[in-house]
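# Fold and contact review
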Amino acid sequence: MIRTIAIHTLRESFRKKTLHVLIGLGILIMAILPAIPTTDEPDARIKMAMVVFFQVVVLLCITGVILLSATALPHEIEDKTIYGILSKPVSRLKLVAGKITGFVLLSALLLVILSSFNLVSIQYRASNVPEEYRGILKARTEFAASHFSIQGKLHHARQGIAWIAGGRSGVALWSFSDIKKTHTNTSGLDVECNLKLESDRGFIDTIPLMITVEDGIVGCGKTEVRSAQIDKPFVLKIDPERVLKNDTLNISIFPILPTDYIGATQMDVKVFSTQQGFVSNYGKAVIITFLKFLLIISIAVMGSTYLSAPVSIAAAFVVFLCGHILEFIKDFSLLIQDHHAHEHAVPGALKTPNILLVYVDHLIKKPLEWICLILPDFKRFDGLKFLLKGINIPLETVVVSFGYAVVYAGICLFLSAIILKKREFF
Amino acid sequence: MDSYAIRAEGLTKVYKDFWRRKSTSALTNLNLTIERGEIFGLLGPNGSGKTTTIKLFLGLLFPTSGKSWVLGYPSGNLTIKRNIGFLPEESYLYKFLTAEEILDFYAKLFDIEKKERKRRIDALIHEVKLDHVRKRPLSQYSKGMLRRIGLAQALINDPELVILDEPTSGLDPMGSRQMKDLILDFKRRKKTVVLCSHLLADVQDICDRIAIFNKGVLQVAGTVRELLSQNDAIEFVIKNLFNDDIEAVKAFIESRKGTVLSIKHPSSTLEDLFISIIQRR
């Protein structure tokens with residue numbers, strides 16, 4: 001029965017040409033991309049294709065899907081076609097579930113068609129880009145340092161950055177654990193360093209660095225001198241078969257000349273496994289994006305069980321927007337002074353709570369905290385940030401996002417059924 | 001099993017405004033029973049509570065007080081909806097579908113198997129005389145055609161109880177007569193029909209019992225014969241009588257203390273005349 005209603009919903013969007021319009025617009029947007037000027041970076045067009053698809057085309061589709069899913073039930077009620085369904089043995093829960101499933105199918109269809117087009121266009125653009133700039137088309141696994149320390153003398157520390165001077169007075173050391181467990185293929189590892197470099201030698205472009213990459217337990221590895229360009233990250237390629245005998249990897253760096261300095265933090269050196277598999281990584285990004293659709297559809301349909309079409313559209317958009325700025329809302333609520341804190345801060349006769357702060361606390365701070373708790377976090381469903389860095393989307397990220405979306409959609413479905421069960425159709 | 005197709009006890013519906021204040025009393029204390037296998041007419045002017053009563057039976061509205069049972073189950077019960085067919089007062093159908101598609105959609109909601117679905121769809125489309133437009137979207141249908149397909153969807157599950165809200169509205173006299181014949185056929189097939197109309201002639205022709213509503217209150221209920229018969233008057237319909245004979249009969253009646261109220265030639269209804277002309281051509 002849910003399937004019947006879902007297919008009916010899908011057919012409606014097909015017959016009313018909504019699907020055609022969304023696909024047409026999406027393809028049009030992607031097709032006019034080559035006409036838009038980009039920076040001189042060779043991979044700029046690839047990046048633009050990804051950004052335009054995941055931000056512009058997906059947003060367009062989400063807008064279309066919100067408009068459809070937020071208005072489907074109100075239109076059924078307004079046109080009274082709902083009489084035809086509810087006079088049949090269809091429970092209200094199944095009606096809502098069918099509607100949600102229909103729109104989810106529609107989203108899946110949209111994403112499959114448009115992402116296939118986008119993927120083909122990315123691969124085509126990549127074929128015109130030199131091999132060394134195709135890093136973005138990799139699905140590397142990122143390893144962050146588990147430990148960071150300065151061996152020897154720390155020159156000074158400023159704003160969380162540890163600075164060491166050259167000439168072996170101090171060495172910056174990054175330790176990585178569990179690399180071998182996770183890194184299964186032997187295609188190689190990249191060490192990406194993004195250090196701050198300074199020198200007393202005046203205006204210079206490069207600073208010579210001594211870099212040692214070694215197994216954390218056995219100690220075997222390789223040491224090389226690298227001329228690092230100021231303000232530019234550099235990548236060191238290593239052969240894991242030679243270096244990695246155990247799970248841990250140590251990377252130590254220091255400037256060779258005593259007049260040079262490096263500033264480092266724990267996040268400045270990262271290790272990436274250089275796996276191929278862009279298509280599967282792209283697929284994971286599309287799946288994560290699809291979960292975003294599932295979530296907003298459930299919310300829009302839930303709103304439409306009680307609200308009229310325009311109000312339910314507006315509500316869905318507000319939730320979608322707020323779901324993207326939850327961090328900002330959270331930060332904002334933290335900035336608002338708690339009236340209890342004020343009480344403790346003021347002695348004696350002034351200990352009576354400031355009524356204005358009490359109101360602010362109850363009318364602004366607490367609602368904002370509740371909003372952060374209730375609203376879904378749409379930022380969680382961002383696959384683009386991984387693709388742009390050429391980083392493999394961890395399976396855990398996909399699974400956790402899936403669980404989050406399914407649980408949230410389940411709650412929405414449950415609430416929708418309860419609301420609709422109480423509704424009368426005049 | 002309940003011997004009644006529909007039973008209502010003290011059924012009351014009061015519509016409330018946005019602030020939950022009582023605004024309109026749509027139905028007041030309805031006590032009613034409808035037997036299985038009978039054609040029952042709900043009569044009344046617009047806004048008298050007929051449609052509200054039907055919606056309460058179907059579970060589309062919830063009663064403010066009182067209870068009702070349909071085919072032995074409380075109103076709105078999902079199981080019993082398998083045995084109900086409902087034709088709303090207007091054809092609220094999905095206009096982007098064809099006749100075949102809409103019937104298939106509703107048949108699927110009853111979990112009817114594919115083969116059986118096809119058989120029923122073909123039979124119903126033929127029965128409501130829409131074979132020639134079965135593949136055309138409903139958006140291109142006339143009001144009468146929509147009414148017919150609306151009736152077909154109400155019968156897709158071969159229901160035990162058929163609820164028809166203004167079934168003849170939008171139909172031409174031929175369609176109206178076909179609809180009446182169809183309803184009479186339901187009776188022959190031992191189905192219960194609840195008919196809601198403000199066209200008195202329609203109801204008089206086909207209903208076994210009727211109930212008349214006004215301002216949400218049931219005014220009177222009973223068989224059509226009971227409600228319409230005038231026990232203190234007698235009607236003769238005589239053929240081939242000359243004027244002299246008429247005077248003689250009149251004089252005879254008056255000699256026996258009877259009063260002749262009217263002497264006139266009997267006439268058929270406009271509907272009968274219209275149909276006879278159309279069929280002759």
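Residues numbered from 1 in each chain as written. Chains lettered and ligands numbered in written order. Predicted model: local features only at pLDDT ≥ 70, side-chain atom pairs only at ≥ 80, totals over all residues. Heavy atoms only, no water.

Moving on, we get to the interface of chain B and chain A. Listed by partner, the interface residues are 26 residues for chain B and 28 residues for chain A. When the two sides are added together, the surface that chain B and chain A hide from each other amounts to roughly 2700 Å², 65% of it contributed by carbon and sulfur. For the interface between chain B and chain A, the tally reads three salt bridges. Residue E424 of chain A is joined to K13 of chain B by a salt bridge in which the shortest nitrogen-to-oxygen separation is 2.6 Å. Remark: the boundary between chain B and chain A carries eleven residue pairs in polar contact (both at pLDDT 80 or more). Elements represented by at least two residues in the side of chain B that touches chain A include exactly β1 (4–16), α1 (50–58) and α2 (99–109) of chain B. In terms of residues, the side of chain B that touches chain A owes the most to one element, α2 of chain B, which gives five residues. Counted by class, the side of chain B that touches chain A contains 17 nonpolar, two polar and seven charged residues. (Contact = heavy atoms within 4.5 Å. Buried area = accessible area lost by both parts, 1.4 Å probe. Salt bridge = Lys/Arg side-chain N within 4 Å of Asp/Glu carboxyl O. Polar contact = N/O pair within 3.5 Å; in protein donor to acceptor, adjacent residues only side chain to side chain. Helix = DSSP H or I, 4+ residues; strand = E, 2+ residues; numbered from the N terminus. Nonpolar A, V, L, I, M, F, W, Y, C, P; charged D, E, K, R; others polar.)

A separate point is the packing of α2 of chain B against helix α3 (residues 114–127) of chain B. All names here are of chain B. With their axes 10 Å apart at the nearest point, α2 and α3 run at an angle of 130° to one another. The pairing of α2 with α3 is recorded here as oblique in orientation. As α2 runs across α3, the sense of the crossing is right-handed. Packed against α2, whose contacting residues are A99, E100, L103, D104, A107 and K108, the element α3 presents R117, I121 and I125 at the interface. Looking at the contact of α2 with α3, its residues break down into five nonpolar, no polar and four charged. (Axes fitted to C-alpha atoms, helices over the stretch in contact; angles between N-to-C directions. Parallel < 35°, antiparallel > 145°, perpendicular 65-115°, else oblique. Left-handed = near helix turned anticlockwise from the far one by under 90°.)

This paragraph deals with unusual backbone geometry. One can expect most non-glycine residues to show negative phi and most peptide bonds to be in trans. Residues and elements named next belong to chain B. A positive phi angle, near 45°, is found at N29, a position not held by glycine. Within the secondary structure, N29 sits in strand β2 (residues 22–35). Note on N29: relative accessible area 48%, which makes it partly exposed. For K129, which is not glycine, the phi dihedral falls at a positive 60°. Within the element layout of this structure, K129 appears in the loop between α3 and α4 (143–154). (Buried < 20%, exposed > 50% of the residue type's maximum accessible area, 1.4 Å probe, protein only.)

Don't take any of this as a statement about function, it's just geometry.
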